[in-house]
Amino acid sequence: MQGAIARLCVVVAAAILNHPLLFPHENTTLPDQDEELIARMREHEARLEMEKAKLEKELSQMDSKQEETSLQEGYSWYFWSTVSFIIFFTIEMCRVDLADGEVRQVEEEEVFSESGSINPRMMVLDKDTLSNFCDKCTYTSAHENWRVREFVEGFADDLLESLRSVCNRDTDMEVGDFVGIGSMFESWKVCKPLTCDLIVPFSPPDPHSFQYHLWCSSSSDIPPDMQGCGKIKVTTLGENGGGCLCGSANLGEDMLCLLHGRNDTPKVSLSPDELLCSRDTNCLAKDQVMRWFQISVTKAWGRISHKYDFDVTFRSLDAAGALKIRFPSGKIIVMNIIPVVQLEDADAYFVSHFPSDVDSFPDPYWPLSVAVYERNLLKHFSKRLPKHSCHLHCLQIVTFLHKKQSGLTGKSALTNYHLKTALLHLLLSKKTITWSIESMQHRVQDLLSFVQRSLQEKRLNHVMFGNTKVPEEVQVPEMIRRAEPINLFRTLVLQRELYAATVRHFQEMLRNAPVLIQEYTPYLSNGGLHHSLDESL
């Protein structure tokens, strides 16, 4: 660029110096008739014009290149400016996240400090007091719970048989036999009223069937916040190439079905509403199922009520099968008959609702329950732990404290199921010999410490999902064993107020534990029973 400008200046200077018109006439010494000199000057002027045109062409090319270069430099400037902005913005966001994490950590520490954090291992729990408490609990469980279970099982059989009789076999769901789950059937129920949880599997009428879509499958479209759930689709046999086609195809007079006789009338497919599906879908709806089940239970009880001398009422209209049985003596037994869908041939069930669950899942997502495997895991440990082991006693003590504290400060996000899950984790991690009755005080402290640590971390993993420590004798399905762990405290991560209230509830429970156990423990004074645990519970 600079060399071209210099050449242009030289050409202009030469033109000025050699142009004849620039000299005055009085200095002219050449005769006007000298044609040879004029011809040379014109030739020289022509060369200058050509050189000028060549330089102008070069200058124009250089200008265009300069414009392209400046445009590229402009794009480059915008690009690097954008990259710099993104880097700056990312650094600032990281600083905000770190600051928010520090604030959140400080807030969590403040929650424990404000509630007066108590170390469960420093609690003073009298060994004899705990022993007396558990002796009474064991007596109650052994002499009363088995009679309640026997009554509930007989009544449930009679009620479900009546329910089957009021249902239409061609259009209504088919109801199977119940399965007992929960504290009453796991022998650690303490507090009254005595509650029995029964799950009742049901299936669609022929020619329909259920298809299951789990959250842990490779092609799942279930949102991440619905971990542990699945969708149930109602399909007709033959839609996907399976089942018998005689009801949906014209076989002709010369063709016979080997499964159905000539006189068997093909069953007509039902509408989605009749199959209890959500509107405009083939997904099974929980609210439709609960409405159908509640109406069916009401009709079934109406047919057999004359045989019994007690009253049966629904405790909640939002929970199908939540029954309260009141005897003339005033005694109350609570039954939760829960309609469920069995997952293929496994002992895992899609549950319409949980009786004491804090979380609620919208339709069409059904939570998967593995309560049968949890019951089998407790049986597995009962056979291998020392005789008169203390593991169920520890759970009874902690659930009793939780029940009493809930009566003082109200309900929280902490449930008995969380406490049972913590116990199962401890059973899987500790040696069997450490669960002797002589170590009950230390195991209670371990259980409370485990729950406290889980609250601090806001994480309590489900004991079955993704846990390779579960013995193979329990026969947990491989898809459950390989699934990602499920955090039972996931609601506490986002809901800070609920988390703070739960921590305060637990800290108050630790603070009141020695007094509550001492107050509600029966002991002999002057030959008489001073306190009655039955009346207190």
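Look a little higher up for the structure.
Basis of the calculations
- Throughout this description, residue numbers start from 1 for each chain and increase along the sequence as written.
- Note on the predicted model: pLDDT of at least 70 is required for a residue's local features to be given, and 80 or more for side-chain atom pairs to be given and counted; whole-chain, interface and lining totals, by contrast, use all residues.
- Each side-chain value is derived from all of the structure's non-hydrogen atoms; neither hydrogens nor water enter the calculation.
- Strands are runs of DSSP state E lasting at least 2 residues, helices are runs of H or I lasting at least 4, and numbering of each runs from the N terminus.
- How far a helix is expected to stretch is found by multiplying one less than its residue total by 1.5 Å.
- Only protein chains enter the calculation, and the probe is 1.4 Å; a residue is then buried if its accessible area is under 20% of its type maximum, exposed if over 50%, and partly exposed in between.
- Distance and chemistry together define a polar contact, namely a pair of N or O atoms within 3.5 Å, with one atom able to donate a hydrogen and the other to accept it when in protein, and with adjacent residues in sequence counting only for side-chain atoms on both sides.
- In this analysis, two residues are considered to be in contact whenever any of their non-hydrogen atoms come within 4.5 Å of each other.
- Pairing of aromatic rings covers Phe, Tyr and Trp, the last counted by its six-membered ring, and requires centre-to-centre distances within 6.5 Å; plane angles under 30 degrees mean stacked, over 60 mean edge-to-face, and any other angle means tilted.
- Definition used: whenever NZ (Lys) or CZ (Arg) falls within 6 Å of the ring centre and also within 35 degrees of the ring normal, the charge is taken to sit over that ring.
- For helices, the fitted axis covers only the stretch in contact; all axes are lines through C-alpha atoms, and the angles between them, taken along N-to-C directions, range from 0 to 180 degrees.
- An angle below 35 degrees is read as roughly parallel, one above 145 as roughly antiparallel, one from 65 to 115 as roughly perpendicular, and any other as oblique.
- We call a crossing left-handed when the near helix sits turned anticlockwise from the far one by less than a right angle, and right-handed when that turn is clockwise.
- Gly falls in the polar group here, along with every residue not listed as nonpolar (Ala, Val, Leu, Ile, Met, Phe, Trp, Tyr, Cys, Pro) or charged (Asp, Glu, Lys, Arg).

Turning to helix 7 (residues 391-409), a few remarks are in order. An α-helical turn contains 3.6 residues, so a residue and the one three or four places further along point in the same direction. Given a rise of 1.5 Å per residue, 19 residues ought to cover 27 Å, and the 27 Å separating the end C-alpha atoms of helix 7 matches this to within 8%. The element helix 7 is largely enclosed, with a buried count of 15 among its 19 residues. Backbone geometry just downstream of helix 7 places Gly410 in the positive-phi region, at approximately 95 degrees.

Looking at where Ser352 falls in the secondary structure, it is placed in the loop between strand 9 (349-351) and strand 10 (366-369). At 3.1 Å, the side chain of Ser352 forms a polar contact with the backbone oxygen of Pro339. Polar contacts involving the side chain of Ser352 include one to the side chain of His353, which spans 3.1 Å. Ignoring sequence-local partners within four residues, the contact set of Ser352 consists of Lys286, Met290, Ile338, Pro339 and Trp366.

With that settled, the discussion passes to the packing of aromatic side chains. Applying the stated criterion across every chain, the model contains 15 aromatic pairs. Taken together, the aromatic side chains of Phe151, Phe155, Trp301, Tyr308, Phe310 and Phe327 make up a single cluster linked through ring pairs. Sitting over the ring of Tyr499, Lys458 keeps its end group 4.4 Å from the ring centre.

Let us now look at unusual backbone geometry. Looking along the chain, the bond that leaves Asp206 and enters Pro207 is cis, with omega of 5 degrees. Along the chain, Asp363 connects to Pro364 via a cis peptide bond; the corresponding omega equals 5 degrees. You can see Pro364 is positioned in the loop between strand 9 and strand 10. The backbone of Ser187 sits at a positive phi, close to 65 degrees, despite the residue not being glycine. Even without glycine at this site, His388 takes up a positive phi of about 60 degrees. Topologically, His388 is positioned in the loop between helix 6 (371-384) and helix 7.

Below, the discussion takes up the packing of helix 7 against helix 9 (residues 440-457). Put simply, helix 7 and helix 9 touch, their axes get as near as 9 Å, and they point 55 degrees apart. In terms of their interaxial angle, helix 7 and helix 9 are classed as oblique. The two elements helix 7 and helix 9 meet at a crossing, and its hand is right-handed. Mapping the contact onto sequence places His393, Cys394, Leu395, Ile397 and Val398 in helix 7 and Met440, Arg443, Val444, Leu447 and Leu448 in helix 9. Tallied by class, the residues present in the contact of helix 7 with helix 9 amount to eight nonpolar, one polar and one charged.

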